[in-house]
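A structural walkthrough
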Amino acid sequence: MAFEILEPGLSTTVQDQGRIGYYRFGIPQGGSMDQYSASLGNRLVGNTPAEAVLECTYIGPKIVTTEDAVVAVTGAPVDVFVNSVPVAQYERLNLTAGDELRFGVIKGGMKYFVAVNGGIDVPQVLGSRSTYPIGAIGGVNGRALAAGDSVPVGADPGSDLPVLLSIADADRPGFSKDVRVRVMLGLYDHNLSANGLDSFLNSEWTLTPVADRMGLRYQGPGVEWKKREQPFGAGQDPSNIVDAGYAVGSIQIPGGTQPIVLHRDAVSGGGYAMVATVISSDMDLVARCAPGTKTRFVAVSMDEALRARAVSAARYARIWS
Amino acid sequence: MTLSTEARYTWGGDEFLFVEIAEGMSLESNFISNSIANALDSQQLTGIIDICPANASLLIRFNPDQLVSGDLERTVRALEREVRGAASQVLETRIVEIPIWYNDPYTNETGARFREGYHQRPEGNDLDYAAEVNGLADAAEFIQRHHESPWLVSMVGFVAGLPFLYQLVDRDRQLEVPKYLSPRTDTPALTLGYGGCFSCIYSVRGAGGYQMFGVAAAPIFDPAQSLADFKEFMVFFKPGDIVKFTPVDETEYRRIQSEVDAKTFKYRQAPIQFDVGAALADPDGYKESLLEALNGI
């Protein structure tokens, strides 16, 4: 069984839970940018959380299924059509062979997900089907979908859980244009001046259109770095460091102007000082923001980050039981 | 060890421990980072996801549901003390010859497209600029200095399989070149780059901010694993590898490329022991003994 791609959309890629354990070679973790939304799709179609989905960016693909298929569309709010008839998101949909799935205008966020029973069955590379276009691995030939692709769909993995027809309102993610993102200060925050740190934490930052799987860039008042003599090998700008590993979710501010939150396909290292890191449970929240979203970075402790992580885990456990 | 201070421990959110051995780059810091990484790796601790040694720091990803952050920090601090106290600083590694076509038309063409607003010096190419800021006579002298002494792979990362390299010469012989004022949106695959005190080889085409000096003749990242050197893994370089750059002309570059196309190309390489103390005490003398290992191949 396969999905025939009539139109590829703006940037539609195969993603799963990610390629973990190869960061030391510069290969990013990848995976669905909004893990929770992708997981809801897999739950609705009777998969395990590990099956691969299609991640759509703003403008979705036009797909014809070669056989009957159970699908669901989750993530950012968007109009969904089956053979030009509007259908609902966050619901289990039964497609008949030859049906055409397409999308209208996105109404918030950036990314929505198409899950299908059996999952997108491209070959695994280093333990994952996630597309890493820069390294040309994973997904369909290591790239985003193209018109004319025939994307293989796997066999029903056989879930033991009861069929779920719809995600309850309370369990659906929000797509606000005004968010508070929790971060842990650290890494090189001591290189900011007192004013710089104050500006970072107490300003409103606006997400720019420069926002993708690698990173999200924010506009705001900028920050000030401490004056210092740069260490050997670091480079001249006070935002430069001797090239180091980048934590996923870390925030760098090249030149002190625009903070960049590194996301799941980010480069694994480089020479810009990071001043904070988005806590693991808020990485999905960052991925749900559309350009223009007003953002405040709120500092939390490790204990608070771990409590938030436990809340996320409990929510997953409720969905997957 | 000349670095007596302790590393700085800090958190990158709830999943990353960052250990800065020193703010500045040095062979000692890099050796400590790699040694801690190897020692931690061999412990096979549950909850460790990735250990990423870098130039003068170390990034460790862990699962806080399986490994308590405080326990991880205690473990790494103990390893740091062990590594700093160790009498021997010998790394079992290899030396590899990397053929480079310096001053090639591909990187020059790309460099010419990113001048105004990107580069410090609009006239000339990146090699001319590098020679000038290092007070050398011309590009030829810079190229000579670049390949006459071997390099240590001090970090792998940025994108898949990209090596950062640090030249094994005295501090006062280190070449330093500023990065581009603003990163390019394009860099040819296999470009030999230079930024700060580091060389790199861009494993794939893409954005980049390092100056461009040449192009490597053979791949260093092979996702299809079609060449013999990539049978085990798609990434060629590991931290700790020693690299000898060898200049090649266009004819030799094309010959190597035809071997790559025929899938018969193999890198010249030899196993060696790299003694950090010896390398620091007498870089010039030690260089000769490293290069000898390649001569028999």
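Calculation criteria
- Residues numbered from 1 in each chain as written.
- Chains lettered and ligands numbered in written order.
- Predicted model: local features only at pLDDT ≥ 70, side-chain atom pairs only at ≥ 80, totals over all residues.
- Helix = DSSP H or I, 4+ residues; strand = E, 2+ residues; numbered from the N terminus.
- Rg over C-alpha atoms; globule rule 2.2 N^0.38 Å.
- Buried ≥ 20, exposed ≤ 12 C-beta atoms within 10 Å, placed from the backbone.
- Contact = placed C-beta atoms within 7 Å.
- Domains from an automatic or database assignment.
- Nonpolar A, V, L, I, M, F, W, Y, C, P; charged D, E, K, R; others polar.
- Pairing = 2+ DSSP bridges.
- Axes fitted to C-alpha atoms, helices over the stretch in contact; angles between N-to-C directions.
- Parallel < 35°, antiparallel > 145°, perpendicular 65-115°, else oblique.
- pLDDT = per-residue confidence, 0-100.
- Arc of directions from axis to C-beta.
- Core = buried A, V, L, I, M, F, W, Y, C linked by C-beta atoms within 7 Å.

Bringing the overall build of chain B into the picture now. The number of helices and strands found in chain B is 8 helices and 12 strands. For chain B, whose C-alpha radius of gyration is 20 Å, the value lies close to the compact-globule estimate of 19 Å for 297 residues. By principal-axis analysis of the C-alpha atoms, chain B measures approximately 55 × 45 × 40 Å. When burial is assessed residue by residue, chain B has 47% of its 297 residues classed as buried. A sequence separation of at least 24 residues applies to 65% of the contacts in chain B between residues at least 6 apart.

Check the secondary structure of chain A and you find 4 helices and 20 strands. In terms of overall size, chain A behaves like a compact globule, its C-alpha atoms giving a radius of gyration of 20 Å where 321 residues would be expected to give roughly 20 Å. C-alpha extents for chain A along the principal axes are approximately 65 × 40 × 35 Å. Partitioning the contacts of chain A with sequence separation of at least 6, the portion at a separation of at least 24 is 75%.

Looking now at the domain arrangement of chain A. Residues and elements named next belong to chain A. Assigned domains of chain A: these are domain 1 (2-171) and domain 2 (178-319). Domain 1 and domain 2 are separated by 28 Å when their C-alpha centres are compared. Considered class by class, the residues forming the side of domain 1 that touches domain 2 number 8 nonpolar, 9 polar and 4 charged.

Turning our eyes to something else, we now look at the environment of R143 of chain A. Residues and elements named next belong to chain A. Looking at the secondary structure, you find R143 in the loop between β10 (111-116) and β11 (150-152). Along the primary structure R143 and Q230 are separated by 87 residues, whereas in three dimensions their C-alpha atoms are 40 Å apart. With residues up to four places along the chain from it excluded, the contact list for R143 reads T131, P133 and A136.

All names here are of chain B. Domain annotation for chain B reports domain 1 (8-87) and domain 2 (92-295). Centre-to-centre, using C-alpha coordinates, domain 1 lies 27 Å away from domain 2. With 9 residues of domain 1 at the contact, the number on the domain 2 side is 12 residues. Among the elements of the structure, α1 (27-43) and β3 (48-53) are those that each provide at least two residues to the side of domain 1 that touches domain 2. If you tally residues by element for the side of domain 1 that touches domain 2, the top one is α1, at 4 residues. Its residues assigned to classes, the side of domain 1 that touches domain 2 shows 6 nonpolar, 3 polar and no charged.

Let us look at the interface of chain B and chain A. Contacts between the two partners involve 42 residues from chain B and, on the opposite side, 41 residues from chain A. Broken down by secondary-structure element, the contributors of at least two residues to the side of chain B that touches chain A are β1 (8-12), β2 (16-20), β3, β4 (57-62) and β6 (151-156) of chain B. Considering every element that reaches the side of chain B that touches chain A, the biggest residue donor is β3 of chain B, with 4 residues. Residues belonging to the side of chain B that touches chain A are distributed by class as follows: 24 nonpolar, 12 polar and 6 charged.

This next bit is on the sheet that holds strand β16 (residues 250-252) of chain A. Residue and element names in this part refer to chain A. Read around the barrel, 7 strands follow the order β12-β19-β16-β17-β14-β13-β20 and close on themselves; strand pairing throughout is mixed. Averaged over all adjacent pairs, the angle separating strand axes in this sheet is 40 degrees, with direction ignored. As judged from the 3 bridges shared by strand β13 (residues 205-211) and strand β14 (residues 215-219), these two strands associate in the antiparallel manner. When the sheet's bridge partners are listed, L207 is paired in β14 with Y218.

What follows deals with the sheet that holds β3 of chain B. Sheet strands pair by backbone hydrogen bonding; their relative direction is either parallel or antiparallel. All names here are of chain B. If you trace the 4 strands from one edge of the open sheet to the other, you get β1-β2-β4-β3, paired in antiparallel fashion. Each of the sheet's edge strands pairs with one partner strand only, and the pair in question is β1 and β3. Shown here is a sheet whose adjacent strand axes are inclined to one another by a mean of 20 degrees, direction ignored. In this sheet, β4 lies alongside β3 in antiparallel orientation, the contact comprising 5 bridges. The residue of β4 that forms the bridge with D50 is R61. Each of β1, β2 and β4 is contacted by helix α2 (residues 69-85), which is oriented at about 30 degrees to β2, the strand it contacts most.

Moving on, we get to the packing of helix α4 (residues 126-133) of chain B against helix α5 (residues 139-148) of chain B. Residues and elements named next belong to chain B. Packing of α4 against α5 brings their axes to within 8 Å, and their N-to-C directions diverge by 80 degrees. When the axes of α4 and α5 are compared, the pair comes out roughly perpendicular. Between α4 and α5, the residues in contact are L127, D128, A130 and A131 and A139, E141, F142 and I143, respectively. Taken together, the residues that form the contact of α4 with α5 break down as 6 nonpolar, no polar and 2 charged.

Another aspect to go through is unusual backbone geometry. Non-glycine residue F158 of chain B carries a positive phi angle of around 80 degrees. Relative to the elements of secondary structure, F158 of chain B occurs in the loop between β6 and β7 (163-167).

Below, the discussion takes up the confidence of the model for chain B. Considering every residue of chain B, the mean pLDDT works out to 94; 98% of them sit at 70 or more. ipTM for the predicted complex: 0.97, alongside a pTM of 0.95.

Bringing the environment of D138 of chain B into the picture now. Residue and element names in this part refer to chain B. Relative to the assigned elements, D138 resides in the loop between α4 and α5. A residue is classified by how many C-beta atoms lie within 10 Å of it, and D138, with 12 of them, is exposed. Taking the C-alpha atoms as reference points, D138 and Y286, 148 residues apart in sequence, are found 27 Å from one another.

All right, on to the pairing of strand β9 (residues 100-106) of chain A then. Residues and elements named next belong to chain A. Sheet topology places strand β4 (residues 62-65) next to β9; 2 bridges connect them, and they run antiparallel. Following the sheet pairing, V64 is matched in β9 by E100. With 4 bridges joining them, strand β6 (residues 78-82) and β9 adopt antiparallel strand pairing. What sits directly across from F81, in β9, is R102.

In this structure, A273 of chain A sits in the loop between β18 (269-272) and β19 (274-278). On a C-alpha basis, the gap between A273 of chain A and S166 of chain A in space is 44 Å, while along the polypeptide they are 107 residues apart.

Before going further, it helps to spend a moment on α5 of chain B. If you check which residues of α5 of chain B are buried, you get A139, F142, I143 and H146 of chain B. One side of α5 of chain B holds all its buried residues, which, seen down the axis, span an arc of 100 degrees.

Counting residues in hydrophobic clusters, the biggest one holds 175 residues, and the most contacted among them are V71 and V275 of chain A. In this structure V71 of chain A touches V45, L93, L95, L101, V114, A115 and V116 of chain A, once residues within four positions along its chain are discounted.

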